[in-house]
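Examining the three-dimensional arrangement
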Amino acid sequence: MAKTKDKIKYGLLRLIDLSGFKIFDPPVRLIFGEDPQKQIRDIAKFMVLPIIFLTICIWIWHVVAPTHKTKSGAVPTPKKVLVAYSENSRYGEREQEKVKDFELTGELRIARIAEVEVKLVELEKEAAEKQEVSAKASKEGAAIIQSQIAPLKIQLSQLKGEVKIAKQERKTALETLAAKVAAKEESADAILTLVKQQALTTAAEKERKKTLEAQIKGIRDDPPESIKAAQLAANKVEDEIQHYKKRLDILNGNKEVRKAALLAKVSEAKAELAATADPEVVLAKSKAVLTNSKNADGIEAQKFAPNATIAWQTKRSLATVFVGFFIAAAVAIPLGIMCGLNRIVMACLTPIISIFRPVSPVVWLLIFQIIVGAFFLPDPAKHPLFVTLNSTYWFGWIKNPIAFLNTNPAMIFSACTVAMCALWPALVNTALGVSAIDKDHLNVARVLKLGFWSRLFKIIIPSALPLVFAGLRISLGVGWMVLIAAEALSSSDGLGKFVWDEYQNGSSQSFANIFLACFIVGIIGFFLDRIMIILQKLVSFDDGSATA
Amino acid sequence: MARPRRNTNPAMSYLEIDHVDVSFGPISDRTHVLSDIHLSVEENEFVAVIGFSGAGKSTLMSLLCGLQKPTKGEVRMDGNIIKEPGPDLGMMFQNYSLLPWLTVNENIRLAVKTVFPKLSKKEITEKIAHYVEMVKLSHAGDKLPHELSGGMRQRASLARTLSLDPKVLLLDEPLSALDALTRSELQEQILNIWEKEKRTVVMITNDVDEAVLMADRIVPLTMGPSATLADAYPVNMARPRDHHTLNDHPEFKRLKTEITSYMMGLNKEARAISKDVVPMPNVRPKDFSPPTAAPRLKNKVSQPTSAA
Ligand SMILES: Nc1ncnc2c1ncn2[C@@H]1O[C@H](COP(=O)(O)OP(=O)(O)OP(=O)(O)O)[C@@H](O)[C@H]1O
Ligand SMILES: [Mg+2]
């Protein structure tokens, strides 16, 4: 009993160690009752304090963000980013619902239509309520605004009156002085001073007027939160209604319906074909039968094309980064091994590595767009590569698992850019790992008289593997970072494009979306790195984790 | 002192180092490690080489197994110049040279599989088990080298060398990291293999007792640089030699004192030479530290404070 408990404990601890989440070590030990005082101290130090720190950071964000106004509204607060997350996931759900609705058949479709209709009635009721609330809120809000503005307006009109009078007075003063100067009773300097003085007063008056006006405008433009919230709630329901209406449209004209319509046309045409005696009609109807039945078959392969959701963009980014990463690994590892084995190869490749490594991904992207783009001319959509990658079925019966990615040339360019930038760390590290092999290990190979290939695979590669994986880890990190930029620039669908589109969009909601994307990119990057750390630990033999 | 004569038999020996020099580094800054080495080992002979640390014993071994090319002279086995290492010259490295990503069993399997490609899987497994059992590592066969103690690694390395079934066993301090008990057991194992399967063995050791117990002939290596082999001491004691009663054996006592005093003499000589080369000034370095109040203060504080 105690033994199995220990086994579970050490298994868990080993897992924690392997995955690098060291902070979970004390709680696990605490659960198994090992030196509770020390564990609690460790938890306080390494879990509670960091959590408090993060909370403080988020709080500062929460406080500081709204104070900075930008052209696309205030900087989003943590709450707004969370709202953006939930809205994006609802958006994703909607697209999924539409895709499913398009495929529904028979009884299920009828039942779904009924469901949607019921929901629509409910929603319309809710919308009316929300609308009312919103109208009330905006009325109240307007009253509040009015009450806030009213004193300012009075001030403003007072100011205007005062200014008018002051202006008149100044004018007369100036005119009298001018007359005196003309009569040589006063010096010319006096009038110059007066003009200067008066210009200053005028400016000051204008300034006061401007500030007041700005205050009024500020209050008008920034309605109370209650109005905004009520309006948002109303809009949300309105959105939902739009969605359900759209669903109804899709359900009433989905795959099954379309196919049935076409088949009806076919049978109608067939019937007419059988009935007619006119050769021209025969010709026309037989054509109609053929095209319609062909179209009916074609519908089977049709799919509802959903809008780009953030989940889909994420998947596409991941697919692109892995394509690029594997290209990089496939090139870098063999080249690195050759470099490490042979000083001449190393000397040949060193200039290339040194010159191309510092080149910016942006430059690579442009170069690939031109060079690789040439292969896909004249019509990329008809290029066999994309036709294959995007067809629903391969060889007519294997369901294509990557059809949903909608591969296009931009994705290939981004992948190539990722590969180009991710190549170098893997290459350099592999070369280093191979050339730094322990002489003792080579001596073993010499004593055993291993041939070239067994020396390579039994001695050199295993001993270089930890460094190779260290290189691959850096490569994947670099690749992920480069990818987002490449996607933004090449508008290849993915998180980078998502950010770019939101930036172009420029509303306050899209600002929150950019923050959301920032977190998604960061979290995915973190997990990619973790995966590579685990792989690296699995192949390294110097620490205890190699056997795990 | 009756010094034994060096073996100068002109007839071809089985393993022969023929007037060999070994130097390292560029001509301008050359270290002569071994100079004018001459050693003939007969077939099935057991030769022990003893010498001080850094004298060049391991270099001598590399020479014998073909890992190190002589700067001058020739190394021959069976009349043929040794051009490259091979499994016939079974070298056990001083630093074990186990492959760290393979377990003990896998390390041995790699060796056995390469040297005996025709064996079936079962035979290979049996062979591995046999040698692992011999060095008493059966319980640790699935461990990686970094999970083993120094002595266990040494035994694993010995097992791997023995598993090659080499014609010549070249053992570089094979038992140095072991406790006395394990050590004497393994000494017996090596002697067993040597006697039963008739091998030629060259063993390096820094333990005179071990050398006398095991070897037919003991060859001292003089101090480096430019170390060379001194005249050999033949061990004329009947086998099997029992290490329990060995201490009382008059021949053992004689050899031990003789070799020990010879080695001590080498050491003294070497020290005398190094003294001549670098005369150390017999002056104490001046105290450059500035006079500070701190030490005195400390002294004062450390005085009994009862007066205060
Ligand atoms: N590859 C090399 N390049 C330069 N000098 C070397 C090289 N190999 C050995 N030496 C030098 O040769 C001398 C002898 O080395 P060696 O390893 O043979 O000593 P050793 O007698 O085996 O010592 P120990 O008993 O400590 O193992 C040392 O001074 C060492 O610095
Ligand atoms: Mg040595």
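Residue positions are given per chain, counting from 1 as you read along its sequence in written order. The order in which chains are written sets their letters, starting at A; the order in which ligands are written sets their numbers, starting at 1. Reporting in this predicted model follows two pLDDT cut-offs: at least 70 for local features of residues, and 80 or more for side-chain atom pairs to be given and counted; totals over whole chains, interfaces and linings ignore these cut-offs and use all residues. As a rule here, side-chain values come from all non-hydrogen atoms in the structure, and water together with hydrogens is ignored.

What follows covers the overall build of chain A. A run of DSSP states H or I qualifies as a helix once it reaches four residues; a run of E qualifies as a strand once it reaches two. Both are numbered from the N-terminal end. Regarding its fold elements, chain A presents 18 helices and 4 strands. The C-alpha extent of chain A, read off along each of the three principal axes, is 120 × 90 × 65 Å. Under the scheme applied here, a residue whose accessible area is under 20% of the maximum for its type counts as buried, over 50% as exposed, and between as partly exposed, the area being computed with a 1.4 Å probe on protein chains only. Here chain A holds 548 residues, and the buried ones make up 35% of them. Partitioning the contacts of chain A with sequence separation of at least 6, the portion at a separation of at least 24 is 73%. Summed over its atoms, the accessible surface of chain A is roughly 32800 Å², and 66% of this surface lies on carbon and sulfur atoms. In chain A, the 69 positive side-chain charges and the 54 negative ones have mean positions that sit 6 Å from each other. Pairs of residues are marked as contacts when any of their non-hydrogen atoms sit within 4.5 Å. Using a 1.4 Å probe, accessible areas were evaluated by the Shrake-Rupley method; residue-level cover was limited to the displayed protein chains. Positive charges are assigned to Lys and Arg, negative charges to Asp and Glu, while His and the chain termini are left out of the count. Charge positions come from single atoms, namely NZ of Lys, CZ of Arg, CG of Asp or CD of Glu.

Our next topic: the coordination of the magnesium ion (ligand 2). Where a metal carries four tetrahedral donors, each ideal angle is 109.5 degrees; where it carries six octahedral donors, the ideal angles are 90 or 180 degrees. Shown as donors are all N, O and S atoms within 2.8 Å of a metal ion, widened to 3.2 Å for Na, K and Ca; because water is not in the atom set, sites may appear incomplete. Listed as protein donors to the magnesium ion (ligand 2) are Ser-58 of chain B (OG) and Gln-94 of chain B (OE1); their distances from the metal cover 1.9 to 2.1 Å. Pair noted here: Ser-58 of chain B is in helix α1 (residues 57-65) and Gln-94 of chain B is in the loop between β6 (89-92) and α2 (104-115), with a separation of 36 residues, a long-range link.

Right, let's get into the environment of Ile-58 of chain A. Residues and elements named next belong to chain A. Structurally, the position occupied by Ile-58 is in helix α3 (residues 36-64). Taking relative accessible area as the criterion, Ile-58 reaches 44% and is therefore assigned partly exposed. Along the backbone, Ile-58 and Pro-78 are 20 residues apart, and their C-alpha atoms lie at a distance of 7.1 Å.

All names here are of chain A. Residue count minus one, scaled by 1.5 Å, sets the expected span of a helix. An ideal rise of 1.5 Å per residue puts 26 Å on 18 residues; helix α1 (residues 2-19) measures up with 26 Å between its terminal C-alpha atoms. Every buried residue of α1 is listed here: Lys-9, Leu-13, Ile-16, Leu-18 and Ser-19. Once α1 ends, the next one or two residues include Gly-20, with phi positive near 80°.

Inspection of the secondary structure assignment puts Ser-157 of chain B in helix α4 (residues 150-163). Beyond its immediate stretch of four places on either side in the chain, Ser-157 of chain B contacts Met-92, Phe-93, Tyr-96 and Leu-98 of chain B.

Here we come to the packing of aromatic side chains. Within 6.5 Å between ring centres, the rings of Phe, Tyr and Trp (the latter by its six-membered ring) count as paired, and their orientation is classed by plane angle as stacked under 30 degrees, edge-to-face over 60, tilted in between. The final tally for this structure, using the stated rule, is 20 aromatic pairs over all chains. Both rings, one in Phe-102 of chain A and one in Phe-304 of chain A, keep their centres 6.1 Å apart while their planes meet at 45°; by these two values the pair is tilted. A residue pair is termed long-range when its members are at least 10 positions apart, and Phe-102 of chain A in helix α4 (residues 78-103) and Phe-304 of chain A in the loop between α9 (279-300) and α10 (310-341) qualify at 202 residues. An aromatic cluster is built from Phe-21, Phe-24, Phe-526 and Phe-527 of chain A, whose rings are joined through pairwise contacts. Here the basic side chain of Lys-127 of chain B rests over the ring of Phe-116 of chain B, its NZ or CZ set 4.4 Å away from the ring centre. Both a distance and an angle decide whether a charge sits over a ring: NZ of Lys or CZ of Arg must be within 6 Å of the ring centre and within 35 degrees of the ring normal.

For the rest of this paragraph, the subject is the sheet that holds strand β10 (residues 233-234) of chain B. Residues and elements named next belong to chain B. Spatially, the 6 strands line up as an open sheet ordered β6-β7-β8-β3-β9-β10, and their pairing is mixed. The open sheet terminates on both sides in strands that have one partner only, identified here as β6 and β10. Pairing analysis gives 5 bridges linking strand β3 (residues 46-51) to strand β9 (residues 217-221), with the strands arranged parallel. Paired with Ile-50 across the two strands is Pro-220, which belongs to β9. Fitting a line to C-alpha atoms yields each axis, with helices limited to the stretch in contact; the angle taken between N-to-C directions then spans 0 to 180 degrees. Here helix α5 (residues 180-197) sits on the sheet in contact with β3, β7 (168-172) and β8 (200-205), set at roughly 140° to β3. Between any two strands, pairing holds if DSSP finds at least two bridges.

All names here are of chain B. Proximity is defined per residue: any heavy atom of the residue falling within 4 Å of a molecule or strand makes that residue near it. Neighbouring residues of ligand 1: Phe-24, Val-33, Phe-52, Ser-53, Gly-54, Ala-55, Gly-56, Lys-57, Ser-58, Thr-59, Gln-94 and Glu-173. Contact distances for ligand 1 include 2.6 Å between an oxygen atom and a side-chain N or O atom of Thr-59. By the criterion applied in these results, polar contacts are pairs of N or O atoms within 3.5 Å in which, for protein atoms, one can donate a hydrogen and the other can accept it, and in which residues neighboring in sequence qualify only through two side-chain atoms. In the model, an oxygen atom of ligand 1 is placed 2.7 Å from a nitrogen or oxygen of the Gln-94 side chain. Within the complex, 56% of the 630 Å² of free accessible area of ligand 1 lies under protein.

Attention now goes to the domain arrangement of chain A. Boundary definitions for the domains trace back to an automatic or database domain assignment. Domains assigned within chain A are domain 1 (2-67), domain 2 (106-243), domain 3 (255-300) and domain 4 (310-539). When each unit is reduced to the centre of its C-alpha atoms, the spacing between domain 2 of chain A and domain 4 of chain A is 54 Å.

This next bit is on the layout of surface pockets. All names here are of chain A. In this model, the largest pocket occupies a volume close to 1400 Å³. With a 1 Å grid spanning the protein atoms alone, the term cavity applies to any set of points in which a 1.4 Å probe fits but cannot get out, the term pocket to an open set with protein on both sides within 12 Å along at least five of seven lines, and the term lining residue to any residue with an atom within 4 Å of a point. Around the largest pocket, the lining comprises 43 residues; the ones closest to its centre are Val-83, Glu-87, Leu-232, Ser-508 and Gln-509. Elements with a contribution of two residues or more to the lining of the largest pocket: β1 (69-70), β2 (73-74), α4, α7 (225-252), α10, α17 (495-505) and α18 (508-539). At 10 residues, α4 tops the list of elements feeding residues into the lining of the largest pocket. Counting contributing residues, the lining of the largest pocket receives three or more from each of domain 2 (106-243) and domain 4 (310-539). Grid points are joined across faces, edges and corners, and a volume is the space filled by probe spheres set on the points. Volume-wise, the second largest pocket comes out at about 750 Å³. If you list the elements that add at least two residues to the lining of the second largest pocket, you get α4 and α10.

Frequently, the measure chosen for interface size is the accessible area that the parts lose on association. Counting from both sides, the interface comprises 19 residues of chain A and, opposite them, 24 residues of chain B. As used here, buried area is the combined drop in accessible area, with a 1.4 Å probe, of two parts when they are placed together. Here chain A and chain B share an interface that buries about 1800 Å² over both sides, 72% of which is from carbon and sulfur atoms. For the chain A face of the interface with chain B, the top three residues by lost area are Val-447, Leu-448 and Phe-541 of chain A, together amounting to 33%. Salt bridge criterion: a side-chain nitrogen from Lys or Arg within 4 Å of a carboxyl oxygen from Asp or Glu. At the junction of chain A with chain B, the criterion picks out 1 salt bridge. Connecting chain A to chain B are 3 residue pairs in polar contact (both at pLDDT 80 or more). Taken together, the elements giving at least two residues each to the side of chain A that touches chain B come down to α15 (439-448) and α16 (452-490) of chain A. For the side of chain A that touches chain B, the element with the highest residue contribution is α15 of chain A, accounting for 7 residues. Residues that form the side of chain A that touches chain B fall into these classes: 8 nonpolar, 5 polar and 6 charged. For this classification, Asp, Glu, Lys and Arg are treated as charged, while Ala, Val, Leu, Ile, Met, Phe, Trp, Tyr, Cys and Pro are nonpolar and the rest, including Gly, are polar.

Attention shifts here to empty space enclosed by the protein. A probe as big as a water molecule, rolled over the atoms, marks out the empty space that is left. Tallied over the entire structure, the rule returns 2 cavities of 30 Å³ or more. As a volume, the second largest cavity reaches approximately 70 Å³. In this structure, the second largest cavity is lined by Val-444, Val-447 and Leu-448 of chain A together with Met-91, Phe-93, Arg-160, Thr-161 and Leu-164 of chain B. Of all the elements, α15 of chain A adds the most residues to the lining of the second largest cavity, at 3 residues. Of the residues contributing to the lining of the second largest cavity, the split by class is 6 nonpolar, 1 polar and 1 charged.

All names here are of chain B. The buried fraction of β8 is high, at 6 of 6 residues. In β8, alternate side chains face the same way, and those of Thr-200, Val-202 and Ile-204 on one face and Val-201, Met-203 and Thr-205 on the other are all buried. Note that β3 and β8 share 5 bridges and pair parallel. Residue pairing across strands places Ala-48 opposite Met-203, the latter belonging to β8. By definition, the crossover connecting two strands over a helix is right-handed if that path, from the first strand to the second, turns clockwise as seen with the strands pointing away from the viewer. Since β7 and β8 lie parallel, the crossover through α5 that links them has a hand, and here it is right-handed.

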